[in-house]
Amino acid sequence: MDLSPDSAFTAQANGTADLYDAAAADHEAFWAEQARSRISWATDFERTLDWDDAPFAKWFVGGSLNVAHNCVDRHVEAGNGDRVAIHFEGEGGDTRTITYADLQKEVSKAANALESLGVETGDRVAVYMPMIPETVFTMLACARIGAPHSVIFGGFSAEALHTRIADAEAKVVVTTDGQWRRGKPAPLKAAVDAAIHHGDDESPVEKVLVVKRTDTDVEWDDSRDVWWHDLVPGQPDTHEAQPMDSEHPLFILYTSGTTGKPKGIFHTTGGYLTQAAYTNAVVHDVHPETDVYWCTADVGWVTGHSYIVYGPLANGATQVLYEGTPDTPHQGRWWEIVEKYKVSILYTAPTAIRTFMKWGADIPAKFDMSSIRVLGSVGEPINPEAWLWYRKHVGGDKAPIVDTWWQTETGAIMISPLPGVTTLEPGSAQKPIPGISAEILDDDGNPFTEPEKVGYLVLTKPWPSMLRGIWGDPERYKETYWSRFGPKYYFAGDGAKYDEKGNIWLLGRVDDVMNVSGHRLSTAEIESALVSHPSVAEAAVVGAADETTGQAVCAFVILRGDAVDNGEETVQELRNHVAKEIGPIAKPRQVMIVPELPKTRSGKIMRRLLKDVAENREVGDVTTLADSSVMSLIKEGMSSGS
Ligand code: 6R9
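Notes on the structure follow. This one's a predicted model, so the numbers in the text were calculated from it and none came from an experiment.

Scanning the chain for helices and strands turns up 20 helices and 30 strands. Computed over its C-alpha atoms, the radius of gyration of the chain comes to 24 Å, within 12% of the 26 Å expected for a compact globule of 642 residues. In terms of principal-axis extent, the alpha carbons of the chain reach across some 75 × 65 × 55 Å. Per-residue burial over the chain gives 62% buried out of 642 residues. In the chain, the share of contacts with a sequence separation of at least 24, taken over all contacts with a separation of at least 6, comes to 70%. Counting only carbon and sulfur atoms, one obtains 49% of the accessible surface of the chain, whose full area is about 24000 Å².

Our next topic: the nonpolar core. Counting residues in each nonpolar core, the largest one holds 113 residues, and the members touching the most others are Leu103, Leu140 and Tyr310. The biggest single contributor to this core is helix α6 (residues 133-145), with eight residues. Those residues in contact with Leu103 that lie beyond four places of it in its chain are Val72, Ala85, Ile98, Phe137, Leu140 and Leu313. Core analysis: the next-biggest nonpolar cluster, separate from the first, contains 40 residues, Tyr128, Ile152, Phe153 and Ala539 among them.

Contacts to the ligand come from 17 residues, most closely from Asp403, Thr408, Asp494, Arg509 and Arg520. The separation between a nitrogen atom of the ligand and a polar main-chain atom of Thr404 is 2.8 Å. Between an oxygen atom of the ligand and a side-chain N or O atom of Thr408, the distance comes to 2.5 Å. With the chains in place, 97% of the 530 Å² that the ligand exposes on its own is no longer accessible. Looking at the shell around the ligand, the elements with two or more residues in it are α11 (302-314), β20 (401-404) and β25 (504-509). Taken together, the residues of the shell around the ligand sort by class into six nonpolar, six polar and five charged.

We now examine the pattern of salt bridges. Tallied over the full model, the rule gives 37 salt bridges. A salt bridge links Lys189 to Asp225, with the nearest nitrogen and oxygen atoms 2.9 Å apart. Here Lys189 is found in helix α8 (residues 189-196), whereas its partner Asp225 is found in strand β12 (residues 225-227), with 36 residues between them in sequence. Owing to a relative accessible area of 0%, Lys189 belongs among the buried residues under this scheme. Accessibility expressed as a relative area gives 5% for Asp225, which makes it buried. For Arg617, the salt bridge is made with Asp612, and the minimal N-O distance between the two is 2.8 Å. We classify Arg617 as partly exposed; its relative accessible area is 37%. By relative accessible area, which is 7% here, Asp612 ends up buried. When salt bridges that share partners are traced, they join Glu89, Arg333, Glu336 and Lys340 into one network.

Once that is clear, we can look at the side chain of Thr135. Looking at the secondary structure, you find Thr135 in helix α6. Note on Thr135: relative accessible area 1%, which makes it buried.

Bringing the packing of helix α10 (residues 270-282) against α11 into the picture now. At a closest axis distance of 8 Å, the pairing of α10 and α11 adopts a crossing angle of 85°. One way to sum up the angle between α10 and α11 is to call them roughly perpendicular. Across the interface between the two elements, Tyr272, Leu273, Ala276, Ala277, Thr279 and Asn280 of α10 pack against His305, Ser306, Tyr307, Tyr310, Gly311, Pro312 and Ala314 of α11. Partitioned by chemical class, the residues of the contact of α10 with α11 number eight nonpolar, five polar and no charged.

Strand order across the open sheet formed by eight strands is β12-β11-β8-β6-β7-β14-β15-β23, with mixed pairing between neighbours. Two strands close off the open sheet at either side, each with one partner strand: β12 and β23 (469-470). Relative to strand β15 (residues 263-268), strand β14 (residues 249-255) is paired through six bridges, and the arrangement is antiparallel. Looking at β15, one finds that Pro249 is bridged to Thr268. Helix-sheet contacts for α11 involve β7 (149-151) and β14, and the interaxial angle to β14 is about 145°.

All right, on to the packing of aromatic side chains then. The final tally for this structure, using the stated rule, is 33 aromatic pairs. Ring pairs connect the aromatic residues Trp51, Phe56, Trp463, Tyr477, Tyr481, Trp482 and Tyr490, which therefore count as one cluster. The ring of Phe448 is capped by Lys453, whose NZ or CZ atom sits 4.4 Å from the centre of that ring.

Taken in spatial order, the four strands line up as β21-β22-β24-β25 in an open sheet, and their pairing is antiparallel. The sheet is open, and its two borders are formed by β21 (438-441) and β25, each paired with just one other strand. Here the strands of the sheet are splayed against their neighbours by 45° on average, with no regard to which way each runs. When strand β24 (residues 490-498) meets β25, the two strands line up antiparallel, connected through four bridges. When the sheet's bridge partners are listed, Asp494 is paired in β25 with Arg509.

Along helix α12 (residues 333-341), the residues that are buried comprise Arg333, Trp334, Trp335, Ile337, Val338 and Tyr341. Of the residues flanking the end of α12, it is Lys342, one or two places downstream, whose phi is positive at about 55°.

Our next topic: the packing of helix α5 (residues 100-116) against α6. Where α5 meets α6, the axes come as close as 8 Å, and the angle between the chain directions of the two elements is 65°. Relative to α6, the element α5 is oriented roughly perpendicular. Where α5 crosses over α6, the handedness of that crossing is right-handed. In this structure, α5 contributes Leu103, Glu106, Val107, Ser108, Ala110, Ala111, Leu114 and Glu115 to the contact, and α6 contributes Phe137, Thr138, Leu140, Ala141, Cys142, Arg144 and Ile145. Looking at the contact of α5 with α6, its residues break down into ten nonpolar, two polar and three charged.

Turning next to the pairing of strand β19 (residues 374-378). Of all five residues that make up β19, five are buried, and the element is covered over most of its length. Side chains of β19 alternate between two faces, with Val374, Gly376 and Val378 and Leu375 and Ser377 buried alike. Summarising the sheet, strand β18 (residues 345-348) and β19 pair through four bridges and their orientation is parallel. Along β19, the bridge assignment pairs Thr348 with Ser377.

Inspection of the secondary structure puts His284 in the loop between α10 and β16 (292-295). Note on His284: relative accessible area 0%, which makes it buried. A polar contact is formed between the side chain of His284 and the side chain of Asn280, at a distance of 3.1 Å. If we skip the residues at most four places from it in the chain, His284 touches Thr279, Tyr293, Tyr307, Ile345, Tyr347, Val374 and Ile413.

Definitions and limits used
Chains are numbered independently. Their residues run from 1 in the order of the written sequence. In keeping with the predicted nature of the model, local features appear solely for residues at pLDDT of at least 70, side-chain atom pairs appear and are counted solely at 80 or more, and the whole-chain, interface and lining totals rest on all residues. In computing side-chain values, all of the structure's heavy atoms are included and hydrogens and water are not. Helix and strand assignments come from DSSP, with helices taken as H or I runs of at least 4 residues and strands as E runs of at least 2, each series counted from the N terminus. Radius of gyration here is computed from C-alpha atoms only, and the compact-globule reference equals 2.2 Å multiplied by the residue count raised to the power 0.38. For each residue, the accessible area found with a 1.4 Å probe, counting protein chains only, is set against the maximum for its type, and the residue is called buried under 20%, exposed over 50%, and partly exposed in between. We call two residues in contact when some of their heavy atoms are within 4.5 Å. Accessibility throughout is a Shrake-Rupley quantity obtained with a 1.4 Å probe, and a residue counts as covered only by protein chains that appear here. Nonpolar core, defined: a set of buried Ala, Val, Leu, Ile, Met, Phe, Trp, Tyr and Cys residues in which side-chain atoms within 4.5 Å join the residues together. Any residue with at least one heavy atom within 4 Å of a molecule or strand is counted as near it. Polar contact is the term for a pair of N or O atoms within 3.5 Å; when the atoms are in protein, one must be able to donate a hydrogen and the other to accept it, and sequence-neighboring residues count only if both atoms are side-chain atoms. Ten residues, namely Ala, Val, Leu, Ile, Met, Phe, Trp, Tyr, Cys and Pro, are considered nonpolar, four, namely Asp, Glu, Lys and Arg, are considered charged, and the remaining ones, Gly among them, are considered polar. Only one rule defines a salt bridge in this text: a Lys or Arg side-chain nitrogen within 4 Å of an Asp or Glu carboxyl oxygen. For every element, the axis is a line fit to its C-alpha atoms; helices are fit only across the contacting stretch, and the angle between N-to-C directions ranges from 0 to 180 degrees. Comment on the angle field: the value is read as roughly parallel under 35 degrees, roughly antiparallel over 145, roughly perpendicular from 65 to 115, and oblique elsewhere. A pair of strands is considered paired only if DSSP assigns at least 2 bridges between the two. Whether two aromatic rings pair depends on their centres lying within 6.5 Å, for rings of Phe, Tyr and Trp, where Trp uses its six-membered ring; planes under 30 degrees apart make the pair stacked, over 60 edge-to-face, and the rest tilted. Both a distance and an angle decide whether a charge sits over a ring: NZ of Lys or CZ of Arg must be within 6 Å of the ring centre and within 35 degrees of the ring normal. In this scheme the crossing of two helices becomes right-handed for a clockwise turn of the near helix relative to the far one and left-handed for an anticlockwise turn of less than a right angle.

This is how it looks when you write it as structure tokens:
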């Protein structure tokens with residue numbers, strides 16, 4: 001199979017081979033050029049990078065800009081107001097076409113509305129919403145005011161919402177009455193109410209702005225709650241966008257770390273927008289005049305931030321925004337959308353591709369998908385079988401696939417082929433894009449290049465869209481990312497290796513973070529949710545290989561002495577308890593009730609051994625266990641019924 005780029009594709013591609021040379025010749029000059037050519041600055045910057053106080057970076061120092069102006073107004077000013085920004089497709093089939101001129105009005109009204117609720121520059125706004133246009137309007141309205149948003153995925157529970165609202169001290173929450181899920185309404189605002197009335201803590205939330213989406217009954221507090229339809233439509237549809245400092249915080253996004261407490265990763269203005277726009281242009285190869293782009297992520301994750309909201313809109317692209325699940329009302333829904341809007345660039349996750357593989361190739365075959373010319377993958381390693389299936393059944397055996405490695409922390413794509421330049425290698429993200437530098441280190445922190453040797457991925461130079469820290473916890477930022485191999489290397493937490501051709505293969509997390517359907521979940525967070533149940537004495541969680549979701553949550557639980565083991569009923573109760581504490585995505589696939597957990601002499605749980613059990617393997621080396629009979633106890637206990 002010839003996977004070198006097609007010459008016609010190369011001829012029109014945004015990403016060219018000379019970008020690698022330019023970036024290698026002068027890292028800072030390269031990024032300064034990207035910033036000036038892709039972004040409109042109200043004040044030009046004086047210094048490209050200030051790394052004097054490493055690892056606290058400042059990019060495009062002295063510059064000022066407004067992100068919403070860049071994503072909306074400037075396209076209207078350039079005469080592209082009639083271009084479609086968003087083709088919205090509701091789960092139930094309702095649609096909305098939003099041009100850039102419409103978007104400018106909607107964002108302005110939303111910004112005026114938020115200001116009328118007391119939101120000022122610097123205040124935090126929590127966004128707990130489904131995939132509807134108002135979510136995009138809200139995020140851009142926040143950017144316009146300079147009020148950092150904290151989007152919380154609609155699948156998270158009231159408990160998770162509470163911790164995130166409290167940590168960011170959000171003044172306003174924007175939500176909906178409910179969200180559509182497989183044809184049924186699921187409540188959302190109820191979780192906001194519960195998050196605000198949490199224990200005795202005084203909530204920082206002053207106002208809750210509620211979009212009506214599902215006509216679900218909601219409790220109402222007149223002093224706090226405001227309907228979107230009562231407040232927003234009547235606002236003036238113009239709003240002056242004030243320039244923000246290049247380093248003004250744009251958003252906070254919580255992600256799982258190795259401890260139970262989620263980390264508020266925060267990103268700032270100029271650097272983030274520059275790299276989001278640059279990567280969407282050179283990696284996805286977006287041509288705003290002709291392409292229809294569709295990123296299937298939820299805006300609650302970083303992929304939705306960078307590749308639904310900020311990157312494509314900064315580039316003036318036309319995109320599809322789809323509210324629902326891929327199998328509503330039938331398993332060909334995505335392909336029907338591709339056919340309907342003539343989607344030319346599709347960006348999705350391996351877990352979705354593996355699900356489609358299971359459903360069968362005859363489903364996409366029923367639709368005309370000849371419009372597709374670029375495919376992207378993100379969220380976890382894509383296995384070569386899924387890559388080949390995606391290429392053949394979605395990409396018509398011709399579309400290049402860009403396997404993009406990056407993280408909430410990196411803000412934008414870091415390692416990926418360029419579709420007009422790179423000869424593709426199924427299953428590998430291949431190499432750092434121009435402007436990014438990575439290496440693989442051994443246990444002692446020495447870089448190596450031998451093929452097939454496994455090490456740790458690190459990034460060796462600061463990049464514009466890098467996280468600026470963990471909200472409220474600068475020490476944890478240094479400790480988590482810049483101490484494992486010393487202050488010179490950003491430690492990504494991923495294992496990696498090179499192949500014979502020098503391609504980088506990402507091998508999954510090396511810390512206690514699982515990747516379930518491309519979502520990061522921490523073992524510690526789920527363990528602490530389990531232990532919060534009155535029947536549980538101790539819990540250990542591992543991510544076990546799963547054909548569809550990549551990894552699946554498997555929990556081993558020791559019950560308290562006074563708790564009754566009701567077999568399947570107890571198991572279900574514990575699974576539901578996790579869903580309630582964190583959210584349905586964290587619900588364990590399996591809960592195994594065991595008499596003991598395998599521990600080292602220093603008391604550390606040996607998850608490696610539990611993983612062997614969860615993956616039905618022969619249990620590995622048990623010599624470092626404090627009590628080497630524990631594993632047979634666990635296996636016996638499991639086979640005797642629980
Ligand atoms: C964008 C996003 C980050 C973690 C990351 C890694 C895994 C993401 C990947 C990939 C292999 C890819 N990951 N993309 N692994 N190949 N193309 O997913 O951000 O939710 O923060 O997750 O996801 O393990 O460290 P985030």
